[in-house]
Amino acid sequence: MKIKVRLKKFREQNIEIETDFIKLDALLKFAAIVQTGGEAKMVIADGMVKVDGEVCTQRGKKIYPGQKVTFEDIKLIISKK
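Residues numbered from 1 in each chain as written. Predicted model: local features only at pLDDT ≥ 70, side-chain atom pairs only at ≥ 80, totals over all residues. Heavy atoms only, no water.

A. Spatial organisation of the side chain of Gln 67. Relative to the assigned elements, Gln 67 resides in the loop between strand S5 (62-63) and strand S6 (68-71). At 3.0 Å, the side chain of Gln 67 forms a polar contact with the side chain of Asp 52. If sequence neighbours within four positions are ignored, Gln 67 has contacts with Val 51, Asp 52, Lys 62, Leu 76, Ile 77 and Ile 78. (Helix = DSSP H or I, 4+ residues; strand = E, 2+ residues; numbered from the N terminus. Polar contact = N/O pair within 3.5 Å; in protein donor to acceptor, adjacent residues only side chain to side chain. Contact = heavy atoms within 4.5 Å.)

Have a look at this one:
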């Protein structure tokens, strides 16, 4: 019996911010992952967003350059402009 292992392929997107940090819900809107703040609130509360590999349910979590945020098959890499 053969077992196939599928590795999840992420579409990486580099996000440059001008400030020291960006809040998680604002990041999802800025990156056009969601269209509204309400939608951002729902996907974060439902545990669908990971910050540096760990599920994050805090919509106001501060995201700093160097951190990675994943949602479904999208990986956002944050950097300072």
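After presenting the structure, the write-up continues.
B. Focus on the pattern of salt bridges. For the structure on display, the rule yields three salt bridges. The closest approach of N and O atoms between Asp 73 and Arg 11, which form a salt bridge, is 3.8 Å. Here the residue Asp 73 occupies a position in the loop between S6 and strand S7 (74-80), and Arg 11 occupies one in strand S1 (residues 11-17), the gap between them amounting to 62 residues. A relative accessible area of 32% means that Asp 73 is categorised as partly exposed. Given the relative accessible area of 52%, Arg 11 is considered exposed. (Salt bridge = Lys/Arg side-chain N within 4 Å of Asp/Glu carboxyl O. Buried < 20%, exposed > 50% of the residue type's maximum accessible area, 1.4 Å probe, protein only.)

C. Structural detail: the nonpolar core. Judged by nonpolar contacts, the single largest core of 21 residues is most densely connected at Leu 28 and Leu 76. Of all the secondary-structure elements, those providing two or more residues to this core are S1, helix H1 (24-30), helix H2 (37-45), strand S3 (49-51), S6 and S7. (Core = buried A, V, L, I, M, F, W, Y, C linked by side-chain atoms within 4.5 Å.)

D. Region of interest: H2. Here H2 has its buried residues at Ala 40, Val 43 and Ile 44. Within H2, the buried residues cover an arc of 100 degrees as seen down the axis, which keeps them to one side. Exposed residues on H2 whose side chains face more than 90 degrees from its buried face are Met 42 and Ala 45. Once H2 ends, the next one or two residues include Gly 47, with phi positive near 75 degrees. (Arc of directions from axis to C-beta.)

E. Structural context of the sheet that holds S6. Taken together, the five strands give an open sheet; going across it, the order is S1-S7-S6-S3-S4, and neighbouring strands pair in mixed fashion. Since the sheet does not close on itself, it has two edges, and those belong to S1 and strand S4 (54-55), each with one partner. In the sheet, S1 pairs with S7 via seven bridges, with the strands oriented parallel. In the strand pairing of S7, Ile 15 is matched with Ile 78. (Pairing = 2+ DSSP bridges.)

F. Seen up close, the environment of Leu 76. Here Leu 76 is to be found in strand S7. Residues Leu 76 and Glu 16, spaced 60 residues apart in sequence, show a C-alpha to C-alpha distance of 10.0 Å. When residues no more than four places from it in sequence are discounted, the contact partners of Leu 76 are Gln 13, Ile 15, Leu 27, Leu 28, Ala 31, Ile 33, Gln 67, Lys 68 and Val 69.

Purely spatial values, then, with no claim about function.
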